[in-house]
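Examining the three-dimensional arrangement
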Amino acid sequence: DAKTTQPPSMDCAEGRAANLPCNHSTISGNEYVYWYRQIHSQGPQYIIHGLKNNETNEMASLIITEDRKSSTLILPHATLRDTAVYYCIVRVGRGSTLGRLYFGRGTQLTVWP
Amino acid sequence: NAGVTQTPKFQVLKTGQSMTLQCAQDMNHEYMSWYRQDPGMGLRLIHYSVGAGITDQGEVPNGYNVSRSTTEDFPLRLLSAAPSQTSVYFCATSRQGPNQPQHFGDGTRLSIL
């Protein structure tokens, strides 16, 4: 699985969009980009994933560059409850490795009032 | 988190003691995994299973054993606890097939004196 690089911390004003970047320059053609978050002392929570097209769900949007070497998670209207560590992960979507996720240190997002 | 139950939530052991961390799921997910999380670090994969009767090692398997006799349960055993195994342990499950998100339990906080 490809390695990812994220800034260690970011902050955002409540009500504004939070844009969390992730670099994955060694991503291969069959690897998906996944985002999870972990609110203090809880288990990680799945947010969104994508291959090469931009994706949107009720929680967030995922923008993947055309060369797929980087992506951005967008929380359109951040709230205080979005304060968490956000993990960007790339992995193969099929095969025996499906059950594995490799987490880095993530980005600590702090939303302030 | 609904569907993935970890017990106990907290445990204190003495060095050399053995114990089993329990993980049970009621979602009929084929894939189950164990992670540990240490302060300031992301999650590291210990062991995982792609189905009943099948297990494999992750990044940090030493000192831990697993078995998967049923789809629902995936216990993690510490045979002889060491202080280096003080950590928060998370169990995760997912469906078989491409791009299925993982669902995490609330964790077991383990201290070894």
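Scroll up a little and you will see the structure.
Okay, so let's go over this structure. (Residues numbered from 1 in each chain as written. Chains lettered and ligands numbered in written order. Predicted model: local features only at pLDDT ≥ 70, side-chain atom pairs only at ≥ 80, totals over all residues. Heavy atoms only, no water.)

**Observations concerning the sheet that holds strand S5 (residues 55-56) of chain A**
Residue and element names in this part refer to chain A.
- The four strands lie next to each other as S2-S7-S6-S5, forming an open sheet whose pairing is antiparallel. Edge positions in the sheet fall to strand S2 (18-23) and S5, since each of these pairs with one other strand and no more.
- Here S5 pairs with strand S6 (residues 61-64) via two bridges, running antiparallel. Paired with Glu55 across the two strands is Leu62, which belongs to S6. (Pairing = 2+ DSSP bridges. Helix = DSSP H or I, 4+ residues; strand = E, 2+ residues; numbered from the N terminus.)

**Overview of the pattern of salt bridges**
- Across all of its chains, the model carries three salt bridges over all chains by this definition.
- The residue A:Asp82 makes a salt bridge to A:Arg37 at a minimum N-O spacing of 2.8 Å. Of this pair, A:Asp82 sits in the loop between strand S7 (70-75) and strand S8 (84-92) while A:Arg37 sits in strand S3 (residues 31-38), and the two are 45 residues apart along the sequence.
- Take A:Arg37: its relative accessible area is 10%, and that puts it in the buried class.
- Because the salt bridges share partners, they merge into one network encompassing B:Arg36, B:Asp38 and B:Arg44. (Salt bridge = Lys/Arg side-chain N within 4 Å of Asp/Glu carboxyl O. Buried < 20%, exposed > 50% of the residue type's maximum accessible area, 1.4 Å probe, protein only.)

**A closer look at the side chain of A:Arg68**
Residues and elements named next belong to chain A.
- Considering the arrangement of structural elements, one finds Arg68 in the loop between S6 and S7.
- Here Arg68 occupies a buried position and makes no salt bridge, while the nearest side chain of opposite charge, Glu31, is found at 6.1 Å.
- Within the structure, Arg68 has its side chain in polar contact with the backbone oxygen of Glu31 (distance 3.1 Å).
- Polar contacts involving the side chain of Arg68 include one to the main-chain carbonyl oxygen of Leu51, which spans 2.4 Å.
- In contact with Arg68, other than residues within four places in its own chain, are His24, Ile27, Ser28, Gly29, Asn30, Glu31, Leu51 and Lys52. (Lys, Arg positive; Asp, Glu negative; His and termini not counted. Polar contact = N/O pair within 3.5 Å; in protein donor to acceptor, adjacent residues only side chain to side chain. Contact = heavy atoms within 4.5 Å.)

**With respect to the state of the cysteines**
- Per the counting criterion, the structure on display carries two disulfides over all chains.
- The closest cysteine sulfur to the non-disulfide-bonded A:Cys12 is located on A:Cys22, 18 Å from its own sulfur. (Disulfide = S-S within 2.5 Å.)

**Brief notes about the pairing of strand S9 (residues 107-112) of chain A**
Residues and elements named next belong to chain A.
- Judged by which residues are buried, S9 turns out to be one-sided: Thr107, Leu109 and Val111 face inward and are buried, whereas Gln108, Thr110 and Trp112, on the alternate face, are not.
- Sheet topology note: the strand S1 (residues 9-13)/S9 ladder contains five bridges and is parallel. Its bridge partner being in S9, Ala13 is matched across the sheet by Trp112.

**Describing the sheet that holds strand S3 (residues 19-25) of chain B**
Residues and elements named next belong to chain B.
- Spatial ordering of the open sheet is given by S1-S3-S8-S7, a layout of four strands whose pairing is antiparallel. Whereas interior strands pair on both sides, the edge strands pair on one side only; in this sheet they are strand S1 (4-7) and strand S7 (64-66). Looking at each pair of strands side by side, their axes are set apart by 20° on average, direction ignored.
- Pairing of S1 with S3 involves four bridges; the strand directions are antiparallel. The residue bridging Thr7 from the neighbouring strand is Gln22, located in S3. (Axes fitted to C-alpha atoms, helices over the stretch in contact; angles between N-to-C directions.)

**Concerning the environment of B:Met19**
Residue and element names in this part refer to chain B.
- Looking at the secondary structure, you find Met19 in strand S3.
- As for Met19 and Ala81, which are separated by 62 residues in sequence, their C-alpha atoms are 8.0 Å apart.
- The contacts of Met19, once residues within four sequence positions are left out, are Pro8, Gln11, Leu13, Leu76, Arg77, Leu78 and Leu110.

**Observations regarding the packing of aromatic side chains**
- Counting across every chain of the model gives four aromatic pairs over all chains.
- Taking 6.0 Å as the distance between ring centres and 80° as the angle between the ring planes, the aromatic pair formed by A:Tyr36 and B:Phe104 counts as edge-to-face. Linking A:Tyr36 in strand S3 with B:Phe104 in strand S10 (residues 103-104), this pair reaches from one chain into another.
- The class for B:Phe104 is buried, based on a relative accessible area of 1%.
- An aromatic cluster is present here, built from A:Tyr36, A:Tyr46, B:Tyr35 and B:Phe104 joined pairwise through their rings.
- The ring centre of B:Phe74 lies 6.0 Å from the NZ or CZ of B:Arg68, which sits over that ring. (Phe/Tyr/Trp six-rings, centres within 6.5 Å; stacked < 30°, edge-to-face > 60°. Lys NZ or Arg CZ within 6 Å of the ring centre and 35° of its normal.)

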